[in-house]
Structures are given as structure tokens and as C-alpha cells.
Amino acid sequence: MKKYFTLLVLFIFILSVKSFTQTIVGGRMNEVFLKSDVSGDNILNDPWELTYGPDDSLWVTESKGYCVYKISPNGPLNNKRKILDISLKSTWLGNSAGSDSVFNIQFVFSPTNPQGGLAGMAIHPDFSKSVGAKKYVYISYIRSYLSTGAGNTGVFYQNRIARFTYDPISGNLGNPVSLCDTLPGSSDHNSQRMIIAPVNGVNYLFYAEGDMGAGQFGNQYRVNHAQDSTIYEGKILRFNLEPDGDAGSYDKWIPNDNPFNTTTPARQSAVWVTGIRNNQGFAYDSVRNILYGSSHGPYSDDEVNIIERKRNYGHPLVIGFAADTNYNGSSAGAYSTSGVPLIVSEPANAAAIGSSYKDPLFCGYARPKSEINNIWVTNPGNGGWPSEGWSGLGLYNYSAIPGWKNSLIMSGLKWGRLIRTKLDSSGTSIVNSGSADTVCYFDSNNRYRDMAFGPGGKDIYVIMDKSAATSGPSANNPMIVACRGCLQKFTFLGYKNVSGTSTISTAVPIATGKANLCENANTVTINATNKNDTLWVPITDTSGNIVAEIFANGNNLGNVTTSVYTNSNAVREKASSKTLYLDRNITITPQTQPGSAVGVRLYITNAEFTAFKNGVNSVGNPPGVSNISNLAIFKNSEVCGSAMAVTALALPTTNRAAFGSGGYVLQTSVTSFSTFYFASVSALLPVNLISFNGAVNNDIAKLKWITEDEHGTKNFTLERSVNSTDFYPVVTLAASAAAGQQQYTYPDSAFGKLSAAAVYYRLKVIDNDGKSRLSSTVTLYPASKKGTISIHPNPVIDYATVEVNAIVGEQTSWQVTDMAGKTVLQHTVILTKGKNMINVNLSKLPGGIYYLKVAGSNISQAIKLQKL
């Protein structure tokens, strides 16, 4: 019995330390993620802030536990380390009589617990500097309980912002300094989110102060001060990161140029903007210098705002967009009677506020006026409100996930999911992803409080409340089971393979490339996590647009690099065959070539296909392409370049399809990667032909060709001509039809008997279906028709002149060798057809017998000479 008990304990222990993983489809755009638990169920006591720190750790605040933790982002499970504890009676900052113990929480949680606790956190941007590092971490928390007003007139707390210093030796936070300890607090809508962002190149701390829940629950009759610029409630505040030298304990933390500072009376104010309900998320775009904030709507109309100096965002007089008038006749309070004024006309209220009023950037789930008024009158409770409760906000500015770059991500409390909305190029408007303005991910029974992105954006980390969700999931995607107070990681893998093709959404843009340049795309890694036969792994450019996809089929390819060349000049042609090919070529290079066939999907734009279809070659012929079904994929062994130098091989193009409104996708299967081109299926590019060449030896023409992957090839016919126009078959050889490279040779003994100045050869490649392709032409010259040389004077004292009569223009070399065969002089020259004169300096050679030889494709002759 003891043995079985021991095994049971061991089994439970293994379950407790092993992260549970689950592959899921994240949302309607079909992205596949691997979900894994970083901390397990009921481990964190209502985590609030999640930051991927500068030391590659996850920094997490625990709102109800009043602790801060550092957690390993990649496991093992529950690998957390406490770095701050300011819970009641904690001795972290000293004993109960110590001077720093005043920074601890000063009250006992009760049934009227405040929303939040130890919540907001921001790490100084110079935290990791090698010189002049500032190991400061800013924390916001509810410190003291003050009172509860009678008749739902308010539950009052006092909040604090403190700066702690991180000790790299102990790995702990300590040495607290108070920036502000008189912030209004409540049982509801404390907000407390913080971010550090620059204004005119100087970094400041921004702090969200909610409206204290005025108008609902225990604060039903509390006065809403969001429009009163002299009171901090319902505002976003701005503080210095370091004191500015002003007198007084707290004025030194308030910037002297804050917009609501006054001189009469002399008063400094932390207020930066007004009219905010409950801002629970911040994100800063350093490229466009835009600060975003997300705020809860009353019944609907959750908002994302662009936070700008001295702006008024309307609450409680305007909810969502002023022009939609959906709150006319209702109020922002939860009851028909409250301390929140009735909204008669949202447009009129916005006009009365004046030029400082600013509409939201984005408003979610705005409901019609009749529905809002019915909610306001009947009060169905929070579960009956269509608002979602957007909490943490993140700016996804990575390119790892196709189509995501430049998106805002909101974490939803009520419906347990992440919500993504795409920004336009300016960052000031929303554009649709597919057919809607939002895409939702990871639907669950959890309350998602905040999120963070790992380096490169492939990993998304999410924390969730310990309390239960207020409503169920909102879509039919696989639901993630409830995990109380958990920290979870979602790693992007790719897209499902269904019926041999990818499920990537056609709403993802196709990469356009950079004109006349080889542009490097993102490197992807294909290993044990994504090489399986259920996934297509996308390759994106630095804007997150799709370039290609790989179906690894179990092959571990390692790091895969990709580059794209986009031609913006005249449509390109292969000089030898006059064949047109598309303006795009894609080079894919894996760390390890596959051991078996893998799938490849390659993307082209509408503009490229249209230019190719309408192009003509140098002799005025079109490519013979009318639609995408006429296009095929070709491959050669070149690196990325502006033109095809080596003959490309036709690949079996198994799928051709329009891809959204932006272009097309073509699919094939390969056993090795290199450079891919696109041309007509009937293009004069030899099928599977790597090279075709010839040489003359003892009046015999020796022809040689090399093929690769002879898919459906039947045989090869070698053809000959003496006038470069009329070709006749010499021999037909059967194709081996084997995989990989194959080599063929044929000696044409009739070559030396032909009375022609030159003999021309070409190869016809014939497929099983009877279709054929022609190679480029090889020209060979009989020995009697080759170039000749002569030397004078001979014997020579210092300089000799070599006269070369060339039958064609070509590059050749000459060399002088001594009697032992050692080369003593050599040089390369360009010959023109006809007579050429080459001066050779022999002055530094000792007297004796030498040989001078000129060698090229159409000349090979040596002459004996004497140096005096």
C-alpha cells in the first residue's frame, strides 16, 4: 500500500511541475498557437500587471497579494521568485517599527475589497544601461482604507505611487520613495495602470486614475469628477521620473509644464487629460510617437483613445463617439438615479466642451440608443451589459505573425479573450482585418487582465484574474479551460494543413518587396515544434506580410532564411530563349536541406502578374499567359539576384489560386530549396534541365547535359544544325525518371565530317504527355575552322607580337611555358572576330626555348619560340 501511495504522490508531483500544453486555433484568421502554462491554477493571487522585463524575465504584480514576482518565461512551471512584498505586516522593507514599513498596505481586505490593489508597474527605460543605469521600478497600489459613505455615497481609499530600486545583488526591490500618496481611491474603477513614455524627447510616468466607480454599486451616489480638472478622479496624470528640484515633497514629482498647473493660486497639478472613465491599459508607439489608452464603457462602447495633452475625452457627458447619440436619454451610471448626470445630447455636450474634446480612436460594440436606455432603466446588472471590459493594452509592432504588425491588442475581462484591431499606417485610424474591425483570440472562461509579448513577437503571455469570469466565451473557437490567477504562454506555430494546403486567411497582405533589391524576409525556425505534418509555417517580410509558406512534412530544416527580389523595370526575359518570366523571384535557404519532399507555397502580387501577362519579349512576343492557370513555378541553384543566369527547372505546380484581392499563391513540392521563379507553363525553359554544353575532342563533338527531378520526363532528343535554323534529330535517349541529379553524354562522331564553319546543337526534352521543351543552343567549331595564331619576330629579343585570327569573339587566355612545362607568363584577353594583335613582353625571361599557347572555346594552338 505504501508503494502505491508513493507512486501516487510522485504522479501528482509530476503533474504539478509539468506545463500543460494544448495546440489551438486562436481566432477566425486561423492562426495556430501552442498554449502552455507558465504558472498553474491558483498560484498567483490576482496578477494585474505583466511586463516582459529588460532582463528577459516576466515581471508580474500580484494585486491581492501585494507582491511583485519575476518569473521565467520558458518554465519550468511555477518558477517564480518574489522580489517585493508590501502586504500587511510584511517585514520585507523592515520590521513593523522600521521607517520603510509605512509603505506596506495599511488595511485588511474585507467584503468591500477595492478593485485592484498592488496593480500598476513601470520599469525605467534606463534600467539595463551598461553606464548610468537607473534600476528604478515604479509601483502603484491602494495603501489605506478611509471610510464608507452611507447610502451608497462611496467607498473611499487612498492610493500611492512609489519608486523602488532594484538591487542586482540580492535581486530584490527596496529603498522606496513616494511620488504621490494622496491619490483618490475607491472600491471600484481605481484604474492604476502606468506607462513611461516621452514628451518632446523626455520620459515621464503616466498614471491612470479612474472615476472611482461613481454612479454604480457602492458608489452609486458618489459625485463623478471626471470633468473637474482640479480633482484627480477620472483623469490621466503625468509625473516626473526623477524630482525636478521644486520645493515640497510632491511638487518636485510634478512636471512644471503640466497643462493644468496654475499660477493664481500657485498650484501644481499632475492632470494631463480629463474625461476618463476607467483607463485600464496603455501602449506607446515609439515610431509614430502616439500614446494609446483603453477604457471601459458603461454598458457598451469600450474605448481606445489617443492620449494627447490637455484633451477632454467626454466622460460622463459623452460615451464613445459623440455623433452616434446612443447614450442620449441615459447616463453613464448603472442606475436611473445616481451621482452621474443625464445625457440629453452627446453632440451638444461635445460642442460645449469645445476644441479640447476628442473622440475615441476606436469604440467597441456600440449598441443602439433603445438598448442602452432599456439597460439604464431596467438595470440587468453587469452580466447583462454588452461592454467587454478591456483591460491591458499592447501594441503589436512585430512581424512574426502574418497580418498582425501595427495592431492594438486588448485583453478582455468579461468575455475571456484577446481582441486585436489593426491600425492604419499613421496609427490614427482603424482598418478592417478581413470583414471586421476586430479579431478575437483564445476564448476562455478566464478574465484576461494583461498581456505581454516576447522578443520578436512569436510568444504572447497572458495573465488572468483569480476570480471567476462574469460571462462565457464569445465564439466557437476551441475554449481554453478556466485557470485561476494563471500566467499562460501562446506560441505562434503557423496554419493548419487541410487537404494538402494552408488555412491562412486571405485577408493577410502579400509582401510587395522593394523595387530592384533583394530584400531579406524574416528568418523562421522549423524544428520539433512546427515540422509536423499538420502545419504550414509562414515566412513574412519585416511588415508582417506573407512571402511564402513551408510544409516541412517532418523535416527539421533549422533556421530558414529567405530573400525576395522584385523587378520594377521592363518584364525580364531569358536571353538565350527569349522567354519572359515574372518580376519576382524568391530564394529560400534552409540550415538543413530536407530528406524528403516538402511543400512550398509562394505568393505574388496582382501588379506583378498583370505586368507579366501584358509584357512582350525583345522580339515582340507575349508570354502566352491569360490567367493564373497558365503560370508555373521554376527553380534553379542561384542565390538571390536581379536576373536568371542559370537555366531554371520547371516544378510540378500543384495548386494555383487567387489570394484575397491582393494577388495569387502557387504551390509545389521540392526535395531541395534554392531560388524560385515564375513563368508560363509553356515557357521555353527546359524542363528539369540544369545544364547543356559541349566540347570538341579529336574531331568528335561531345555533348553533355545534367537534369534534376525528372518529373514526368519521357526522353531527350539531341538535335543538330549546320545553319542554326534547320535542326534534325541525332539521337533519342530515354529519361531515367529517377529523383535527384542525372547526367547524360553523347559523342557525335559525324561532327568532324561536316563541311560547315560551325555546327549547332540543341536538346528537346519530351514529357510523358507529349509536350516538349527546347534548350538553349550550343555552337561548336571543327578543328579546321578554329582560330589560328602566328608570332613575329621569332627568335625574339624582348617583345613579340602574337597575331590571332579568331572566327568568333570570345574571352581567351594565353600563356608562356618553359621546356619543363612550367608557366612563366599568362594573361586573359578578349578577342574580337577577325585579326587581333597581342603584345607579349619577354624581356625578363632568360634566353632559351619556350612555348606560347592561346586557348579558348574556338581556338587552341601553341607555337614554339626562341628567346635570345
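Residues numbered from 1 in each chain as written. Predicted model: local features only at pLDDT ≥ 70, side-chain atom pairs only at ≥ 80, totals over all residues. Heavy atoms only, no water.

Novice: Residue-level account of the overall build of the chain, with values.
Specialist: Helix and strand content of the chain: four helices and 58 strands. Summarising its shape, the C-alpha atoms of the chain cover approximately 120 × 80 × 65 Å along the three principal directions. With 868 residues in all, the chain has 53% of them scored as buried. Within the chain, counting contacts between residues at least 6 apart in sequence, those at least 24 apart form 63% of the total. Accessible surface, the chain as shown: approximately 34,900 Å² in total, 52% of it carbon and sulfur. (Helix = DSSP H or I, 4+ residues; strand = E, 2+ residues; numbered from the N terminus. Buried < 20%, exposed > 50% of the residue type's maximum accessible area, 1.4 Å probe, protein only. Contact = heavy atoms within 4.5 Å. Areas by Shrake-Rupley, 256 points an atom, 1.4 Å probe, with all protein chains shown as cover.)

Novice: Talk me through the layout of surface pockets; I want residue IDs and the actual numbers.
Specialist: When its volume is computed, the largest pocket comes out at roughly 1,000 Å³. Listed by contribution, the elements that provide at least two residues to the lining of the largest pocket are β3 (47-52), β7 (118-123), β11 (191-199), β17 (279-285), β21 (390-396) and β26 (448-453). Taken as a whole, the second largest pocket encloses approximately 620 Å³ of empty space. For the lining of the second largest pocket, the class distribution of residues is six nonpolar, 18 polar and 10 charged. (1 Å grid on protein atoms, 1.4 Å probe; cavity = no way out; pocket = protein on both sides within 12 Å on 5 of 7 lines; lining within 4 Å. Points joined across faces, edges and corners; volume = space filled by probe spheres on them. Nonpolar A, V, L, I, M, F, W, Y, C, P; charged D, E, K, R; others polar.)

Novice: Would you mind going over the pairing of strand β43 (residues 675-680) in detail, with residue names and values included?
Specialist: In terms of residue burial, β43 counts as a mostly covered element, since six of its six residues are buried. Of the strand pairs in this sheet, strand β37 (residues 584-590) and β43 are connected by two bridges, and their pairing is antiparallel. Paired with I586 across the bridge in β43 is F676. Note: strand β39 (residues 631-636) against β43, six bridges, orientation antiparallel. Directly across from K635, in β43, lies its bridge partner F676. (Pairing = 2+ DSSP bridges.)

Novice: Residue-level account of the pattern of salt bridges, with values.
Specialist: This structure, assessed with the given rule, holds 24 salt bridges. One salt bridge in this structure joins R311 and E308, with 3.2 Å as the shortest N-O distance. Classification of R311 by relative accessible area gives partly exposed; the value is 22%. Judged by relative accessible area, E308 falls into the partly exposed class, the value being 29%. When salt bridges with common partners are traced through the structure, they connect E49, R193 and D450 into a single cluster. (Salt bridge = Lys/Arg side-chain N within 4 Å of Asp/Glu carboxyl O.)

Novice: Give me the confidence of the model for the chain: which residues, what numbers.
Specialist: On average, the chain scores 89 in pLDDT, and the residues at 70 or more come to 94%. Within the model, the stretch residues 1-19 combines pLDDT values under 50 with eight contacts to residues more than four positions away or in other chains. Across residues 469-477, where pLDDT falls below 50, the model places 26 contacts with residues more than four positions away in sequence or in other chains. (pLDDT = per-residue confidence, 0-100.)

Novice: Describe the sheet that holds strand β57 (residues 848-856), listing the residues and the values that go with them.
Specialist: Spatial ordering of the open sheet is given by β55-β54-β57-β58, a layout of four strands whose pairing is antiparallel. The open sheet has two edge strands with one neighbour each: β55 (823-831) and β58 (859-867). Strand after strand, the sheet turns through a mean of 15° between neighbouring axes, direction not considered. Relative to β55, strand β54 (residues 810-817) is paired through eight bridges, and the arrangement is antiparallel. Bridge pairing in β55 places T817 opposite T823. (Axes fitted to C-alpha atoms, helices over the stretch in contact; angles between N-to-C directions.)

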